[in-house]
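Notes for the structure review
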Amino acid sequence: MRVIPPIANNFVAGEDVPAVLDHARDLHDGGVGAIINLLGEHYDDAANAAADAAVYTRLLEEFADAGLDGRVSVKPSQLGLDVSEETFRENLAEVVAVAAANDRFVWVDMEDHTTIDATLDAFEANVTDYPEMGVCIQANMRRTPDDLRRLVDLPGTVRLVKGAYDPPTDLAYTEKARVNDAYRENLAYLFEHADHLAVGSHDPAMIDYAKQLHEEFGTEFEVQMLMGVREAAQFDLASEGYDAYQYVPFGEKWLSYFYRRVRERKENALFALRAVVSG
Ligand SMILES: Cc1cc2nc3c(=O)[nH]c(=O)nc-3n(C[C@H](O)[C@H](O)[C@H](O)COP(=O)(O)OP(=O)(O)OC[C@H]3O[C@@H](n4cnc5c(N)ncnc54)[C@H](O)[C@@H]3O)c2cc1C
């Protein structure tokens, strides 16, 4: 078995299902739920998409057997969206069927702007029958207020994030301050109109704003952060009584994910270094 170097191990739970179950158990003991993502995306071969769907179904069964609040978060292009919309829908439906049989929750990540319609359509097709689902929405997209209006009328939960991709400027806000303003506006809309929502952000300002909106509207919310990023804050939130979840990537394709984490913001290189130095 290959060993993931300690610096990458801060961001990735391991290469296989037993490693990720161990990590989820540790989180569970600290009051934090696990949202597991098998690393993999942009398959142009249906067999790869089916193989990853099978890993997700195994994870859901193992979580149920272990009595853990383990959830999964799938990427559309990992479940076959680049092969065809139908392949993605079939694989998602299979994962959701096993989640339903095991009373477990399924998140759908959002990828680049070209995938939004297909992702929301597949989400809607499944969530209508099985409401224990959520979908990620990116605040940097100009279309997001319209998408949120559609989603608050459906069962299921929205995870609001700032957006990790670089869409064209006619479709998205690019200035950081404008994205933050959009995040706040979308958050306020969700607190006012949704039954439940997820704050997918490490930003203390957004988390404070969510707490304030919760006081105002009473809407339940959870905070989701990535493995290896502000982990102490995740456990602090849980001990303060908030619902906190850690998004936990795992799998053999950890190297490119690890580089992305370090590269995406120059501060992250320092954060990564600090994480290693402070253990
Ligand atoms: C659970 C989860 C799921 C996600 N899913 C998706 C998805 O499906 N699709 C998608 O496009 N994007 C997704 N993202 C990524 C998201 O879009 C952002 O790119 C990413 O979260 C960075 O934005 P931020 O809100 O965390 O804060 P930023 O705007 O990056 O940072 C704001 C502040 O947060 C704090 N902070 C940020 N990073 C760190 C750090 N490493 N250590 C310490 N403090 C830090 C600092 O105070 C910083 O000033 C997800 C993010 C999370 C947390």
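As a starting point, this report considers the structure included with it.

Definitions and cut-offs
Residues numbered from 1 in each chain as written. Predicted model: local features only at pLDDT ≥ 70, side-chain atom pairs only at ≥ 80, totals over all residues. Helix = DSSP H or I, 4+ residues; strand = E, 2+ residues; numbered from the N terminus. Rg over C-alpha atoms; globule rule 2.2 N^0.38 Å. Buried ≥ 20, exposed ≤ 12 C-beta atoms within 10 Å, placed from the backbone. Contact = placed C-beta atoms within 7 Å. Pairing = 2+ DSSP bridges. Axes fitted to C-alpha atoms, helices over the stretch in contact; angles between N-to-C directions. Near = placed C-beta within 6 Å. Nonpolar A, V, L, I, M, F, W, Y, C, P; charged D, E, K, R; others polar. Core = buried A, V, L, I, M, F, W, Y, C linked by C-beta atoms within 7 Å. Expected span 1.5 Å × (residues − 1). Arc of directions from axis to C-beta. Right-handed = clockwise from strand over helix to strand, strands pointing away.

Attention shifts here to the overall build of the chain. Within the chain, the regular secondary structure consists of eleven helices and eight strands. For the chain, whose C-alpha radius of gyration is 18 Å, the value lies close to the compact-globule estimate of 19 Å for 279 residues. Taking the principal axes of the C-alpha coordinates as reference, the chain spans close to 50 × 45 × 35 Å. Residue burial in the chain is summarised as follows: out of 279 residues, 42% are buried. For the chain, the proportion of contacts with a sequence separation of at least 24, taken over those separated by at least 6, is 68%.

Our next topic: the sheet that holds strand β2 (residues 70-74). In spatial order, the strands read β1-β2-β3-β4-β5-β6-β7-β8; together these eight strands close into a barrel with parallel pairing. Between one strand axis and the next, the sheet turns through 25° on average, direction left out of account. One ladder, built from three bridges, connects strand β5 (residues 157-161) with strand β6 (residues 196-200); its direction is parallel. Note on β6: the bridge partner recorded for R159 is A198. Packing of helix α3 (residues 46-66) onto the sheet brings it into contact with β1 (33-38) and β2, and relative to β2 it is tilted by some 165°.

To continue, consider unusual backbone geometry. For H42, which is not glycine, the phi dihedral falls at a positive 50°. Residue position: H42 is located in the loop between β1 and α3. According to the C-beta neighbour criterion, H42 is exposed, with 12 such atoms within 10 Å. Even without being glycine, D103 reaches a positive phi, approximately 55°. Mapping D103 onto the fold places it in the loop between α4 (85-101) and β3 (106-108). Owing to 10 C-beta atoms within 10 Å, D103 belongs among the exposed residues under this scheme.

A separate point is the site of the ligand. Close to the ligand lie 23 residues, the nearest being D109, C136, V161, A164 and S201. Of all elements in the fold, only β4 (133-138), β7 (220-226) and α11 (266-277) reach the threshold of two or more residues within the shell around the ligand. For the shell around the ligand, the element with the highest residue contribution is β7, accounting for three residues. Looking at side-chain class alone, the shell around the ligand contains eleven nonpolar, seven polar and five charged residues.

Next up on the list: the nonpolar core. In this structure, I36, Y56, V95, V106, V158, L160 and V248 are the most contacted members of the largest nonpolar core, which totals 75 residues. At seven residues, α3 tops the list of elements feeding residues into this core. Ignoring any residue separated from it by four or fewer positions in sequence, one finds V248 in contact with A13, V20, H23, A24, A34, I35, I36, N37 and M227.

Now for helix α7 (residues 176-193). An ideal rise of 1.5 Å per residue puts 26 Å on 18 residues; α7 measures up with 26 Å between its terminal C-alpha atoms. Along α7, the residues that are buried comprise A182, Y183, N186, L187, L190 and F191. Buried positions in α7, seen along its axis, are confined to an arc of 165° and lie on one side of it. Projecting away from the buried face of α7 at angles above 90 degrees are the exposed residues A177 and E192. Residues of α7 that are buried sit in contact with α6 (144-152), β5, β6 and α8 (204-217).

For β5, a buried count of five out of five residues is recorded, marking the element as mostly surrounded by other parts of the structure. Because side chains alternate across β5, one face comprises the buried residues T157, R159 and V161, and the other comprises V158 and L160, equally buried. Viewed along the sheet, the connection from β4 through α6 into β5 turns out right-handed. After leaving β5, the chain enters α7 and then returns to the sheet as β6, a path that is right-handed.

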